[in-house]
Amino acid sequence: MAQIEQFTEPAGPGTLVAGAPPVIERMRAFRSRWPSGDGVAVFNRVYLTAVGTTAPERGCDGPEAATALGAHLTGRYLSALDTVAAGGRPPECWRPLVQYRHHPGVRPVQFALSGLQAHVGHDLVLAVVDTCRTLGCAPPDLEGEFERVGDLLVLLEERIRDDLMPGPDLLRIADPLTHVVSAWSLDRAREAAWTAALALWRLRGFPALAEEFRQRTDAGAGLVGRFLLTPCGG
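What counts and how
- Residues numbered from 1 in each chain as written.
- Predicted model: local features only at pLDDT ≥ 70, side-chain atom pairs only at ≥ 80, totals over all residues.
- Heavy atoms only, no water.
- Axes fitted to C-alpha atoms, helices over the stretch in contact; angles between N-to-C directions.
- Helix = DSSP H or I, 4+ residues; strand = E, 2+ residues; numbered from the N terminus.
- Parallel < 35°, antiparallel > 145°, perpendicular 65-115°, else oblique.
- Left-handed = near helix turned anticlockwise from the far one by under 90°.
- Contact = heavy atoms within 4.5 Å.
- Nonpolar A, V, L, I, M, F, W, Y, C, P; charged D, E, K, R; others polar.
- Expected span 1.5 Å × (residues − 1).
- Buried < 20%, exposed > 50% of the residue type's maximum accessible area, 1.4 Å probe, protein only.
- Arc of directions from axis to C-beta.
- Lys, Arg positive; Asp, Glu negative; His and termini not counted.
- Salt bridge = Lys/Arg side-chain N within 4 Å of Asp/Glu carboxyl O.
- pLDDT = per-residue confidence, 0-100.

What am I meant to see in the packing of helix α9 (residues 186-202) against helix α10 (residues 207-228) here?
Helix-helix packing is described using two parameters, namely the angle between the two axes and the distance between the axes. One way to put it is that α9 packs onto α10 with a least axis distance of 9 Å and a crossing angle of 160°. In this view, α9 runs roughly antiparallel relative to α10, as classed from their interaxial angle. Where α9 crosses over α10, the two elements pack in a sense that is left-handed. Of α10, the residues touching α9 (which contributes Ala-196, Ala-199 and Leu-200) are Ala-210, Phe-213, Arg-214 and Thr-217. Split into classes, the residues belonging to the contact of α9 with α10 amount to five nonpolar, one polar and one charged.

The following block contains the structure:
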C-alpha cells in the first residue's frame, strides 16, 4: 500500500513547461556535484537546458492542468535525482543509467536517451495519475496537456540528437551506435505511456493490482533503458 500511496504524494516544485527558477536551481545544484562525463549528469545537463529555454517566464500562469502535469512530471525526476544523490535505490527505470553512468563504452547520446526513456516510460505515466488525483479528473480530460508536454519532450529529444549524436564524418553506417539509437522511438514511448496511464487509472480501485502494474511498468521502462546503454565503444 505504501507504493500505491505515492501516486498522491505532492510533486516537487516547478513544471517542465515553465522553466521555474526553483527547478532550474535544483538541477544546477545536481550538475555541480557530478563531472560532465557522468551519465546522469549528461541527461541532467540536456534536460536543464530544455527546461530553461522551452517556455520561459510562464511560471504558474498557464492552465491549471498543464501546470499540475508538468509539476508532477518534473517532481518525479527530481525525486529520482534526490534518491541517487543520497545513495538510495531509485526506481527501476532510472537504475540502468545510474549503474552505467561511468561506463567508458557508453556514449553521451545513449545516456541522454536512456534518461528520456525513464522519464517518459515511467515518470510520465505516474504524473498523469498524480494529476488526475490532484484535480479530480480522469486521464481523457488531460489528453491535450499530455500532448503539449509530449511536444516539449520532442524538443528535448531533438536537442539530444543534435547536440550529442556524432556527426556523419565520425559515425560509420556500420557503427553499433547507429542501430542502438535508431531502434528507440519517442513517439512509441509516448503512446505506451498514455496507454499505461489509462490502465493504471482504471486499476485505482484495486490497490494490489495497481501496484503490480506500476512495478511492471517501471521494470519495463528500465529494460528498454538498459538496451539503450549497450556499450558501443569510445
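Is there a simple way to explain helix α4 (residues 64-85) in this structure?
Counted at 1.5 Å a residue, the expected span for α4 with its 22 residues is 32 Å, and the 31 Å between its end C-alpha atoms agrees. Of all 22 residues in α4, 17 are buried; the element is thus mostly enclosed. Count one or two residues on from α4 and you reach Gly-87, which has phi positive near 80°.

Quick question: what am I supposed to make of helix α7 (residues 143-164) here?
Spanning 22 residues, α7 covers 31 Å between terminal C-alpha atoms, matching the ideal 32 Å at 1.5 Å per step. Buried within α7 we find Glu-145, Phe-146, Val-149, Gly-150, Leu-152, Leu-153, Leu-156, Glu-157, Ile-160 and Leu-164. An end-on view of α7 places all buried positions within 165° of arc, on one side of the element. Facing away from the buried side of α7 by over 90 degrees, the exposed positions are Gly-144 and Asp-162.

Would you explain the side chain of Asp-218 in this entry?
Within the element layout of this structure, Asp-218 appears in helix α10. Here Asp-218 sits buried without a salt bridge, and the closest side chain of opposite charge, Arg-214, lies 4.0 Å off (N-O distance). Those residues in contact with Asp-218 that lie beyond four places of it in its chain are Pro-91, Glu-92, Cys-93 and His-122.

Would you explain the environment of Ala-183 in this entry?
Position of Ala-183 among the secondary structure elements: in the loop between α8 (176-182) and α9. For Ala-183, a relative accessible area of 68% puts it in the exposed group. The sequence separation of Ala-183 and Leu-228 amounts to 45 residues, and the corresponding C-alpha distance is 8.7 Å.

Got a minute to help me understand the pattern of salt bridges in this structure?
When the charged atoms of two side chains with opposite charge come close together, those side chains can pair. Taken as a whole and assessed by the stated rule, the structure comprises 13 salt bridges. A salt bridge links Asp-151 to Arg-190, with the shortest nitrogen-to-oxygen separation between them at 4.0 Å. Of this pair, Asp-151 sits in helix α7 while Arg-190 sits in helix α9, and the two are 39 residues apart along the sequence. Relative accessible area serves as the criterion here: at 10%, Arg-190 is assigned to the buried category.

What should I look at first to understand the confidence of the model for the chain in this one?
Caution applies to low-pLDDT parts of the model: their predicted coordinates are not meant to be read in detail. The predicted model of the chain averages 84 in pLDDT, with 82% of residues at 70 or higher. Within the model, the stretch residues 1-15 combines pLDDT values under 50 with 42 contacts to residues more than four positions away or in other chains. Considering only residues more than four positions removed or in separate chains, one finds that residues 54-62, a stretch of pLDDT under 50, has 15 contacts.

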